[in-house]
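Below are the chains, spelled out letter by letter.
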Amino acid sequence: MKQLAILLLLFTFGSLSLAQELREGPVTPAFTPVSWERLVNAVDEPENWLMYSSTLDSQRHSGLNQVNTANVTELEFKWAYQIPEIDRAETTPLVVDGIMFITEAPSNIVAVDAVTGRQYWRYDHELPDDLRICCGRNNRGVAILGETLFMSTLDAHLVALDARTGNVRWDVEVADYAKGYSKTAAPLIVKDKVITGIAGGEFGIRGFIDAYDAQTGELAWRTYTIAGPGNPDVSSWSDDSWETGGGASWITGSYDVELNLIYWGTGNPGPDWNGDLRLGDNLYSDSALALNGDTGELEWYFQFTPHDVHDWDAIQVPILADIQYQGRERKVMMWANRNAFYYTIDRETGKFLLGNPYALQTWATGLDSDGRPIRVPGTTPTYEGVVVSPSIGGGTNWWSPSYSPQTGLFYVNAFDGEQKFFKRDEDYEEGQRFTGGGGQYIEPIDTYNSAIRAIDPSTGDIAWEFPIQPRTGAGILTTAGGLLFSGSVDGFFYALDASDGSELWHKSLGQRVHSAPMSFAVDGKQYVTVAAGNVVFTFGLPE
Amino acid sequence: MRWNNPFWWKSSLLSWVILALSLTILSQSATAQDEGNLYNTGVDARMGERYFQRQCSRCHGQDAKGGDETGAPDLTVNLSGASNDAGVYNIIRAGIQGTAMLPVPEDTPDSTVWQLVTYINSLRTDPANFDLPGSPSSGRMVYAGKGACASCHMINGQGGRLGPDLSRVGEQRDPDEIKTSLTDPGETVSPRWWTMRVTQQDGSIVEGLRMNEDTFGIRIIDQDANLWSFHKNQIQSYERVQDSTMPGYAQTLTESEIDDLVAYLFSLRKEN
C-alpha cells in the first residue's frame, strides 16, 4: 500500500513537472538564420532579441506586453543558468527563435534552450595567462548574422562561431593583447560587416573602430578614434601624445539605416588623469562619432569632454529616436554621459540641441551654446588630490540606458558620487598601465545617492526618479507593457511603472546585477532575463 | 598491441618520469620558496608603492583598502590567501586562477615583485614598529572596569553587541586610529554603526544600529539586540539620527588610562 502511494505521488509530481516542461503543440526545430533584413526590422519580431541593444537604434524597448503593469506582480522564477567561471556576469543574451546565446567570463559562450535554460553547446575561448585588462574579465554579448555569431575576446580577437554548433568559422587577431589591447563588447552588424571596437584606454593604446567581412573575417576598414598624421585634428594633441592617446571604443554603437551612419562612443584620452603631456582638446576622445556605414569615414563628431582629466569615457550606448523638438520632428541621439550631463544631439549633423546635468557634478558651471562644458577652475587632479563630482565611475557608465516610445522618456541609472582625483607622473611603457593617477572615495559608498532617472529628451528635464541604495551598475529595459526593468548592486531585480517610476515588483537575486535585462517570447509566452552575480535568471508569468 | 610491448612500457615510463621531474623543477622555479625577502628596505617599499599605484590600484584602490566596485580585497589587513611573504609573492606572480586577479606580466623582474610584497607588508600594522607609552595589561583593566567597554563590544565571544567586535582590532587599526576612536568617536562612523530611526505606519518608532540597507529594505538591531527588518514601502519614514553611539573618553579617562587602553586594544590580534 505504501509503495502504491509512493508510486502515485511520483506519478502526480512527474506529470506536474512534465506539464511545466512541455510546450503546447508539436515541437518544431528552433533557430532560423538571421538575415540583415531581419536585423533592420528587429522591432517587428519582439519575441526575439537579435542584437546587444535589441534594435539598431538601441532603444532597448521590447514590443512585448504580455507582462505588464497589471500582472507584473505575478512574475515567477522559471530557470537559472550557472556560469561555471565565478566572476561578474555583464552579459546581455541574444534570443533567436527559442535559442539563447549567453556570453560568460572570461571569453566563453553557451547556447541554451530559452525555455528551460538547458545547454545545446558551449565554446571556451583559449586565452593566454598574461592578459592586459583594465577592469575585470568581462564579456557583454555577441552579434549574429545568418548562422554565425561574432564575439570579442579578452586577448583582442574577434571570433566567428557557427550558431548551430559553436564550431569556429574564423578567428582573427584585432590587435596585440601584449600591447594592452583587449575586447569585451558585443559587435554590431551593419549590412554584411561586423563592426567592433577595442578596449585598452588605460594602457596607452590608440583606439579604433573596425569593420570585418562577416564571411571571411577580412578587415574591411579601420577608423582611428584618435586623430593622427594627415588629419588636421592631430593639432589637438601636443607633441606626439596622440600615439598613446587612448580613445578606446569598448561599448557597442548604433546604426541609422536611412542615414547610413554608424554611431559609436569613444573613451578617455591617455593617460587618464594627467593631461600635462597631452595639451589640447585631444580629439576624438570622449566623443560621439558618426561614421559612414560603408566606408567608416568620419562624417561628424561631438566631443562631450574636451581634454578630459577625470576618466569620463563617452562609452555609452547611443540611443536614436525621432522626437518632437521645438515644434517639429527631429532625428536625435540621446546621451547621458559619464561626465554627469545629459545631451540631445541632432544625429544628422551632430549639432548640439540641449544639455543638462542629470547627476551630481561640480566640474562645470554649464554647457555653452555648442554643448562645450564651461569648467569650474581648480577641478583638475593634483598630486595631493582634489575632490570632484562625479566620481571616476561617472554620473553613469557603460550601463545601457533605454528609451520608451510609449512614454517618450529616456531612462538612465545615475550615481551622485564624488572622489578625490590624483595625478601622477608616469612614462609610457608598452603593455603597462598608463593612467597617470587615480581616484579615491572620501566617504563610505553608502553615503552617496543613486537613482533611476527618467529624462524628457525634448527639454532635458528630469521627469521622475526612483532612489537606489546603495548604488547601481545595471542596464535598463523598457517594454510595451508599460514597464521598466533594472537591477542594483545590492542584488535586486525590479520593475517600475515607466510612466511615473512607481515600484511594482522586486526580487532579491542574492548578488549584484551588473548586466542589462532583456525580454523575449517562445510559443507565445513572454520571459524576462537578467544576470546577477554569475547566474542568469529567467522569469515569466505562471502557466 | 603496444600495451603488450614491454619496450613500449619501459620507454613510456621513462618519459613520464622525465616529464614529472621537469614539472617539479618548473613548478619550483615558477614559485617563490620561503627564503626571505631580500628587497625589504624603506626604498624597496617606496618602489613597491610606485608599482602598486600604477598596476594594482585600479582594483585594490589607491589606499589598498580594496575596491567596492571591483570586489578586490583589502590588502591592509591579514591576507586570507597567503600566510607569509612567499605566499604573497606567488599570488602576485601567478595570479589566482579563475578570478580577476591576473598574474603580473612574465617579464616583471623578481625584484619588483618582492618590492611589491614589501610595500604590502608595510600597509599592515606590525606591533614591532610601535613603541607605545601604555601598558596592555593595565589597559585590559580599564577595558573591563572604568571604561565599561564590554557592555557594547565583544572580544573573543564575550561582551555586548552594540559596537564592533574588537577581537582583532589591532590588525585593523593603528594606535593613532584607535586613540581617535576613543577620544573623538564621531569623527568617522562606518554606515554599519549609524543609528537609524524608523517610523512605522502606526506612528511607532524603532531605533537601532543599521545592520544593512538596500533599495527596498532596512535591517537594524535595537538596544535590546532585537533584529528588525523593514520594507521601505511599508513604513512612514526612516532617518539617521546621530553620528555615533560610542561615548568619547577624553573627559572620563585620564591620558595614561587612554594610553593603556590603546596599548591593550592594539595588542588584540588573531595570534593572541
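Cut-offs applied
Residues numbered from 1 in each chain as written. Chains lettered and ligands numbered in written order. Predicted model: local features only at pLDDT ≥ 70, side-chain atom pairs only at ≥ 80, totals over all residues. Pairing = 2+ DSSP bridges. Helix = DSSP H or I, 4+ residues; strand = E, 2+ residues; numbered from the N terminus. Axes fitted to C-alpha atoms, helices over the stretch in contact; angles between N-to-C directions. Buried ≥ 20, exposed ≤ 12 C-beta atoms within 10 Å, placed from the backbone. Contact = placed C-beta atoms within 7 Å. Nonpolar A, V, L, I, M, F, W, Y, C, P; charged D, E, K, R; others polar. pLDDT = per-residue confidence, 0-100. Parallel < 35°, antiparallel > 145°, perpendicular 65-115°, else oblique. Left-handed = near helix turned anticlockwise from the far one by under 90°. Expected span 1.5 Å × (residues − 1).

1. Observations regarding the sheet that holds strand 17 (residues 287-292) of chain A
All names here are of chain A.
- Strands sit in the order 15-16-17-18 across an open sheet of 4 strands; the sheet is antiparallel. The open sheet terminates on both sides in strands that have one partner only, identified here as strand 15 (254-256) and strand 18 (298-303). Direction aside, neighbouring strands of the sheet carry axes that sit 20° apart on average.

2. Considering unusual backbone geometry
Residue and element names in this part refer to chain A.
- Of the consecutive residues Leu283 and Tyr284, the connecting peptide bond is found in the cis state with omega at 0°.
- Here Tyr284 is to be found in the loop between strand 16 (261-265) and strand 17.
- Look at the link from Ser389 to Pro390: it is a cis peptide, with omega at 0°.
- Residue position: Pro390 is located in the loop between strand 25 (386-388) and strand 26 (402-404).
- One non-glycine residue, Asp286, adopts positive backbone phi at about 50°.
- By the element assignment, Asp286 lies in the loop between strand 16 and strand 17.
- Classification of Asp286 as buried rests on a count of 30 C-beta atoms within 10 Å.
- In the Ramachandran plot, Asp523 falls in the positive-phi region, its phi being about 50° despite a non-glycine side chain.
- Along the polypeptide, Asp523 turns up in the loop between strand 36 (518-522) and strand 37 (525-532).

3. A closer look at the interface of chain A and chain B
- Contact residues are listed per partner, giving 31 residues for chain A and 24 residues for chain B.
- Residue assignment for the side of chain A that touches chain B shows that the elements contributing at least two residues are strand 29 (437-440) and strand 35 (503-508) of chain A.
- Taken together, the residues of the side of chain A that touches chain B break down into 10 nonpolar, 9 polar and 12 charged.

4. Structural notes on the confidence of the model for chain B
Residue and element names in this part refer to chain B.
- Across chain B, pLDDT averages 84, with 86% of residues at or above 70.
- Under a pLDDT of 50 for its full length, residues 19-30 has, in the predicted model, 1 contact with residues more than four places off or in other chains.
- With pTM at 0.87, the complex prediction returns an ipTM value of 0.78.

5. So, the packing of helix 4 (residues 85-94) of chain B against helix 5 (residues 110-123) of chain B
Residue and element names in this part refer to chain B.
- Closest axis-to-axis distance for the helix 4/helix 5 pair is 9 Å, and the angle between their directions is 125°. Between helix 4 and helix 5, the angle falls in the class oblique. Helix 5 is crossed by helix 4, and the crossing has right-handed handedness. Contact residues: Asp85, Val88, Tyr89, Ile92 and Arg93 in helix 4; Val113, Trp114, Leu116, Val117 and Ile120 in helix 5.

6. Some words on the pairing of strand 35 of chain A
Residues and elements named next belong to chain A.
- In terms of strand pairing, strand 34 (residues 492-497) meets strand 35 through 5 bridges, oriented antiparallel. Pairing of Phe493 across the sheet is with Lys507, part of strand 35.
- Between strand 34 and strand 35, which pair antiparallel one after the other, the connecting turn spans 5 residues, and Gly501 there sits at a positive phi close to 80°.

7. Some details on the sheet that holds strand 12 (residues 193-196) of chain A
Residues and elements named next belong to chain A.
- Here 4 strands make up an open sheet; going across it, the order is 11-12-13-14 and the pairing antiparallel. The sheet is open, and its two borders are formed by strand 11 (188-190) and strand 14 (219-224), each paired with just one other strand. This sheet shows a mean twist of 25° between the axes of neighbouring strands, independent of strand direction.
- Alignment of strand 13 (residues 208-213) against strand 14, held across 5 bridges, turns out to be antiparallel. Paired with Asp210 across the bridge in strand 14 is Arg222.

8. Details of helix 9 (residues 255-266) of chain B
Residues and elements named next belong to chain B.
- Helix length check: helix 9 (12 residues) gives 16 Å between terminal C-alpha atoms against 16 Å at 1.5 Å per residue, within 8%.
- Judged by how many residues are buried, helix 9 sits mostly within the fold: 10 of 12 residues are covered.
- Burial in helix 9 covers these residues: Glu257, Ile258, Asp259, Asp260, Leu261, Val262, Ala263, Tyr264, Leu265 and Phe266.
- For helix 9, the secondary structure elements touched by its buried residues are helix 6 (136-144), helix 7 (169-172) and helix 8 (175-183).

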